[in-house]
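Summary of the model geometry
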Amino acid sequence: MRKVFFLFVSLVLLQISYVDAAQNPSDYFVGDWEVVVSGTPSGDAKMVLHLERVDGKLTGEMRAEQGDPTKINSVDEKESSIVVYYNTMGYDINLSFEKVDDNNIKGSMMGMFDAKGVRKTE
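All residue numbers refer to positions counted from 1 along the written sequence of the respective chain. Note on the predicted model: pLDDT of at least 70 is required for a residue's local features to be given, and 80 or more for side-chain atom pairs to be given and counted; whole-chain, interface and lining totals, by contrast, use all residues. Note: side-chain values were computed over all heavy atoms of the structure, leaving out hydrogens and water.

**Thoughts on the side chain of Ser108**
Take Ser108: it is sitting in strand 7 (residues 104-109). The criterion used for residue contact is that any of the two residues' heavy atoms lie within 4.5 Å. When sequence neighbours within four positions are dropped, the list of residues in contact with Ser108 reads Asn94, Leu95, Ser96, Phe113, Asp114 and Ala115. What counts as a helix is a DSSP run of H or I of at least four residues, what counts as a strand is a run of E of at least two, and both are numbered from the N terminus.

Written out as structure tokens, the structure reads:
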């Protein structure tokens, strides 16, 4: 009888862990990404996109080569893509990215300029 009870409890706990894992969003985009936006009027823009999960939502900052970091206002997140919204130099900017593979993303800035990113592994 104890073996049956132990087996039953084990199966219930296993089921709970699978349900919990299915409800947690993927953290694929969490971390630092070296991003290059090509063809802007000022030339290619290089920056680091830093994303972290706080209270279940993605947040973070954009770190340009020069100047202070810019806080991200919001992130729209889907299973394999994100759109990052932030404000810089008086302009509202959006960067959209799709997952390419484990360490690469591609997308666009404002739907006009090609962007690509590589996960920083330092």
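**Observations regarding the packing of aromatic side chains**
For Phe, Tyr and Trp, rings pair up if their centres lie within 6.5 Å, where Trp contributes its six-membered ring, and each pair is then called stacked (planes under 30 degrees apart), edge-to-face (over 60) or tilted (otherwise). Applying the stated criterion to the full structure yields three aromatic pairs. With a centroid separation of 4.8 Å and 90° between ring planes, the pair formed by Tyr28 and Phe29 is classed as edge-to-face. Side by side, Tyr28 and Phe29 carry an identical accessibility label, which is buried. Centroid distance Phe29 to Trp33: 6.5 Å. Interplanar angle 45°. Geometry classified as tilted. Judged on exposure class, the residue Phe29 and its partner Trp33 are both buried. Throughout, exposure labels follow a simple rule: accessible area from a 1.4 Å probe, protein chains only, divided by the maximum for the residue type, with under 20% read as buried, over 50% as exposed, and the rest as partly exposed.

**Brief notes about the nonpolar core**
It is characteristic of soluble globular proteins that their nonpolar side chains tend to be buried jointly. The nonpolar core is taken to be a set of buried Ala, Val, Leu, Ile, Met, Phe, Trp, Tyr and Cys residues, with the residues joined through side-chain atoms within 4.5 Å. Formed by 22 residues in total, the largest nonpolar core has its most connected members in Leu49 and Leu95. Among the secondary structure elements, those contributing two or more residues to this core are strand 1 (31-40), strand 2 (43-54), strand 3 (57-64), strand 4 (70-77), strand 5 (81-88), strand 6 (91-101), strand 7 and strand 8 (113-119). Once residues within four sequence positions are removed from consideration, Leu49 is found in contact with Gly31, Asp32, Trp33, Val35, Glu61, Met62, Ile72, Val84 and Phe97.

**Digging into unusual backbone geometry**
At Asp55, a residue that is not glycine, the phi angle is positive and equals roughly 55°. Backbone geometry at Met110 places phi at a positive 60°, although glycine is not the residue there. Relative to the elements of secondary structure, Met110 occurs in the loop between strand 7 and strand 8.

**Let's talk about the pattern of salt bridges**
Any carboxyl oxygen of Asp or Glu that lies within 4 Å of a side-chain nitrogen of Lys or Arg is treated as forming a salt bridge with it. The tally for this structure, following the rule as stated, stands at four salt bridges. The partner of Glu61 in a salt bridge is Arg63, with the nearest N and O atoms 2.7 Å apart. The exposure class assigned to Glu61 is partly exposed, which follows from its relative accessible area of 22%.

**Points about the pairing of strand 3**
For strand 2 and strand 3, the ladder comprises eight bridges, and the chain directions are antiparallel. Looking at strand 3, one finds that His50 is bridged to Glu61. Two strands form a pair only when DSSP identifies at least two bridges running between them. What sits between the antiparallel neighbours strand 2 and strand 3 is a turn of two residues, in which Asp55 has the positive phi angle 55°. Bridge count for strand 3 against strand 4 is two bridges, and the pairing is antiparallel. Bridge pairing links Met62 to Thr70 in strand 4.

**Re the environment of Asn104**
Structurally, Asn104 can be placed in strand 7. Note: C-alpha distance between Asn104 and Glu34 (70 residues apart in sequence) is 9.6 Å. Beyond its immediate sequence surroundings of up to four residues, Asn104 is in contact with Tyr28, Trp33, Glu98, Lys99, Gly117 and Val118.

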